[in-house]
Amino acid sequence: MLRRINRWARVKSHPADAVQILTSKLPATYQPIIRPLIQRQSELFGVPQSAFIGGSASSYARSSFPPDEDVIDAEIYAFGSVLIIVCVSESLRLSHERNSEGEIVTTEEKNSTVRVTYAVPFVDDPDVAEFEKLLAEVWGEIELREPSSRSRRLREMAQGKPNTTRLPTEEERDAADALSDKSVRRLAIAIKSSSGLLLGDASKQIPPRERGRIDAIVQLLIDKGLVDTEIVVICRDSSAQVNRVATAEVLNGLDEQGIRCACGRPLSEEKHEKALSVTDFARSMLDGSAWLSVLMLQHLLDFGVPIQSVRMEQEYSGEEVDCVAEIYGRLVLFELKDKEFNLGNAYSFGAKVGIFRPDVPVIVTTEKVGADARDHFARSAVADRRTRRYATEDPVGDGGIKFVEGLDSLKAGIEGIVTEIAGAALAPQLRAALSFSSATPAALLAAWAGVERPPKSE
Ligand SMILES: [Zn+2]
């Protein structure tokens, strides 16, 4: 499990040695990493620390983060299980305008920012109030805020369609959990497709080794509001089902009113059997495997993906999309199947991947991804690698399709995907900060040339 939390503030200017001052203010529970690394390397190389720090920003080899912004100093703090990355940035913006005399005047605008990134290996928000208070003291009164999450790619894909995704209710979550048991689901589907399944026939709907659980399974379906029971009246002569009533007590009333079976017997004297039928709620959970969507959505929410960044079961560009999420700026397309994922499904999913170009395509199946479907993806991956456009972001995994097979691996599978994306999203900040612990070869060699090697001890 990994989450990224970004906060930033624009400041008028940076105090000299801002990071150094911050480190000295922090209690010992915050372990700085960059400064001790510099110190140790300076000792090992036998060159002064100035070979590592204090150079001009451009003398350090690092990728710019974010684009057009120069990180002029950075530190990483280990605080319990949270990694805190502080990047101090400065950028110059030149603007050219004509003055009243028609001359072009160039003005420089300096943009100074402090960025704090938390790498958090759990779902709850970390307690960083103390850290942010001390940080604010260094720069004067600043207020860190979270960059607004605009879900740009999700909105592009939706082309103005409103997001109808809502939080699952407790009732839906419970029912989805119950239906994630294959035998429970099989029985529910069998009841739905029958017009009232006799209780005596219920056990035939599930695999023989599961039949010992039939009473518990039926009770679970009733408890979760998925199945109702009723009484079926069966004629002792013709064995035909003649009536259905909610409870056996109703039959006594019918006897009194003189209602009888076609054979002449009072209804209470005919054979009675319990029958099962699905509720409207069960239909809504079973149709289109909605229960699987509920499980999927709940796992995404549990791993810190905000509901506004998820869209379930919508149609875009004429394609049915089971689930699409924007996670740390990456578009993740999920295909959900309550059966084996076959070659036909692979072609259809391949078309969606071609249209929507997700960063991470994911197939979730309650069974397996068939060998022919895997072969198809492997063949098209070779073609895809040749045409893949230049990526400006850190890649997530190998760029291939991810498979989550079997409901037992659903939670771990989604956790793995969210963690991998968070890792890729955290990488630029970490790389920018880590680059301050190493000098460029030129700066190091200049220092090396200028210093006497310490004499070796005998
Ligand atoms: Zn009868």
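What you see is a predicted model, and the numbers here were worked out from it, not measured in a lab.

**Q** Could you give an account of the overall build of the chain, naming the residues involved and the relevant values?
**A** A count of helices and strands for the chain gives 15 helices and 14 strands. Taking 23 Å as the expected radius of gyration for a compact globule of 458 residues, we find that the chain reaches 32 Å, considerably beyond that expectation. With respect to the three principal axes, the spread of C-alpha positions in the chain is 115 × 60 × 50 Å. Burial statistics for the chain: of 458 residues in total, 29% are counted as buried. Of the contacts formed within the chain by residues at least 6 apart in sequence, a portion of 72% connects residues at least 24 apart.

**Q** Lay out the domain arrangement of the chain in plain terms, naming residues and giving numbers.
**A** Per the domain assignment, the segments of the chain are domain 1 (3-148 + 441-447), domain 2 (156-160 + 288-434) and domain 3 (170-284). Computed over C-alpha atoms, the centres of domain 2 and domain 3 are 40 Å apart. On the domain 3 side, the residues contacting the six residues of domain 2 number seven residues. Class assignment for the residues of the side of domain 2 that touches domain 3 results in five nonpolar, one polar and no charged.

**Q** Describe the sheet that holds strand E14 (residues 402-405), and please don't skip the residues or the numbers.
**A** Judged by pairing direction, the sheet is mixed, and its five strands sit side by side in the order E10-E11-E12-E13-E14 without closing on themselves. Each having just a single partner strand, strand E10 (310-316) and E14 make up the two edges of the open sheet. Adjacent strand axes in the sheet meet at a mean angle of 30°, parallel and antiparallel pairs treated alike. As defined by bridge partners, E10 adjoins strand E11 (residues 319-327) across six bridges and the pair is classed as antiparallel.

**Q** I'd love a proper account of the nonpolar core, names of residues and values included.
**A** The biggest cluster of nonpolar side chains holds 96 residues, and the ones touching the most others in it are Ala188, Trp291, Val324, Val332 and Ile421. It is helix H14 (residues 410-434) that provides the largest number of residues to this core, a total of 11 residues. Grouped together as the second largest cluster of nonpolar side chains are five residues, Val47, Ala51, Phe52 and Ala443 included.

**Q** For helix H5 (residues 170-179), give the residues involved together with the corresponding values.
**A** Of all the residues in H5, the buried ones are Glu172, Ala175, Ala176, Ala178 and Leu179. Relative to the axis of H5, the buried residues are bounded by an arc of 160° and lie together on one face. In the core, the buried residues of H5 are packed alongside helix H6 (182-193), helix H8 (214-223), helix H10 (280-286) and helix H11 (290-302).

**Q** Describe helix H1 (residues 18-25), naming the residues involved and giving the relevant values.
**A** Within H1, the full set of buried residues consists of Ala18, Val19 and Leu22. Projection of H1 onto a plane perpendicular to its axis shows the buried side chains occupying an angular sector of 95°, all on one side. Looking at the buried positions of H1, the neighbouring elements they touch are strand E3 (70-79), strand E4 (82-98) and helix H3 (129-139).

**Q** Hey, could you go over the pairing of E3 for me, with residue numbers and the actual values?
**A** One ladder, built from three bridges, connects strand E2 (residues 30-32) with E3; its direction is antiparallel. Each bridged residue has a counterpart across the sheet, and for Gln31 the counterpart in E3 is Ala78. Connecting the antiparallel pair E3 and E4 is a turn made up of two residues, with Gly80 showing a positive phi of about 60°.

**Q** Provide a residue-level description of the sheet that holds strand E8 (residues 241-245), including the pertinent values.
**A** Spatially, the four strands line up as an open sheet ordered E6-E9-E7-E8, and their pairing is antiparallel. Edge strands, defined here as strands with exactly one partner in the open sheet, are strand E6 (197-198) and E8. Bridge count between strand E7 (residues 227-234) and E8: four bridges; the pairing is antiparallel. Its bridge partner lying in E8, Ile234 is registered against Gln241. Along the sheet, H6 makes contact with E6, E7 and strand E9 (271-278), crossing E9 at roughly 105°.

**Q** Go over the pairing of E11, please, and point to the residues and values.
**A** Here E11 lies mainly inside the structure; seven of its nine residues are buried. Taking the residues that link successive antiparallel strands as the turn, the E10-E11 hairpin has two residues, and the phi of Ser317 there is positive, at about 45°. Where E11 folds back onto strand E12 (residues 330-337) in an antiparallel hairpin, the turn is made up of two residues, including Tyr328, whose phi is positive at roughly 50°.

**Q** Help me get a handle on unusual backbone geometry, residues and values and all.
**A** Look at Ser289: it is not a glycine, yet its phi comes out positive at around 50°. With respect to the secondary-structure elements, Ser289 resides in the loop between H10 and H11. The backbone of Ser317 sits at a positive phi, close to 45°, despite the residue not being glycine. On the secondary structure map, Ser317 appears in the loop between E10 and E11.

**Q** Summarise the packing of H1 against H3; cite the residues concerned and give the values.
**A** Where H1 meets H3, the axes come as close as 9 Å, and the angle between the chain directions of the two elements is 140°. One way to sum up the angle between H1 and H3 is to call them oblique. Helix-helix and strand crossings are classified by hand; for H1 and H3 the assignment is right-handed. Taking contact as the criterion, the partners of Ala18, Ile21, Leu22 and Lys25 in H1 are, on H3, Leu134, Leu135, Glu137, Val138 and Trp139. Class assignment for the residues of the contact of H1 with H3 results in seven nonpolar, no polar and two charged.

**Q** Account for the packing of H11 against H14, naming residues and giving values.
**A** The interhelical angle for the contact between H11 and H14, taken along N-to-C directions, is 45°, at an axis separation of 10 Å. When the axes of H11 and H14 are compared, the pair comes out oblique. Seen along the crossing, H11 lies across H14 with a hand that is right-handed. Contacts between H11 and H14 pair Leu295, His299 and Leu300 from the former with Leu410, Lys411 and Ile414 from the latter. A per-class count over the contact of H11 with H14 returns four nonpolar, one polar and one charged.

Here is what the cut-offs are and how they apply
Residues numbered from 1 in each chain as written. Predicted model: local features only at pLDDT ≥ 70, side-chain atom pairs only at ≥ 80, totals over all residues. Helix = DSSP H or I, 4+ residues; strand = E, 2+ residues; numbered from the N terminus. Rg over C-alpha atoms; globule rule 2.2 N^0.38 Å. Buried ≥ 20, exposed ≤ 12 C-beta atoms within 10 Å, placed from the backbone. Contact = placed C-beta atoms within 7 Å. Domains from an automatic or database assignment. Nonpolar A, V, L, I, M, F, W, Y, C, P; charged D, E, K, R; others polar. Pairing = 2+ DSSP bridges. Axes fitted to C-alpha atoms, helices over the stretch in contact; angles between N-to-C directions. Core = buried A, V, L, I, M, F, W, Y, C linked by C-beta atoms within 7 Å. Arc of directions from axis to C-beta. Parallel < 35°, antiparallel > 145°, perpendicular 65-115°, else oblique. Left-handed = near helix turned anticlockwise from the far one by under 90°.

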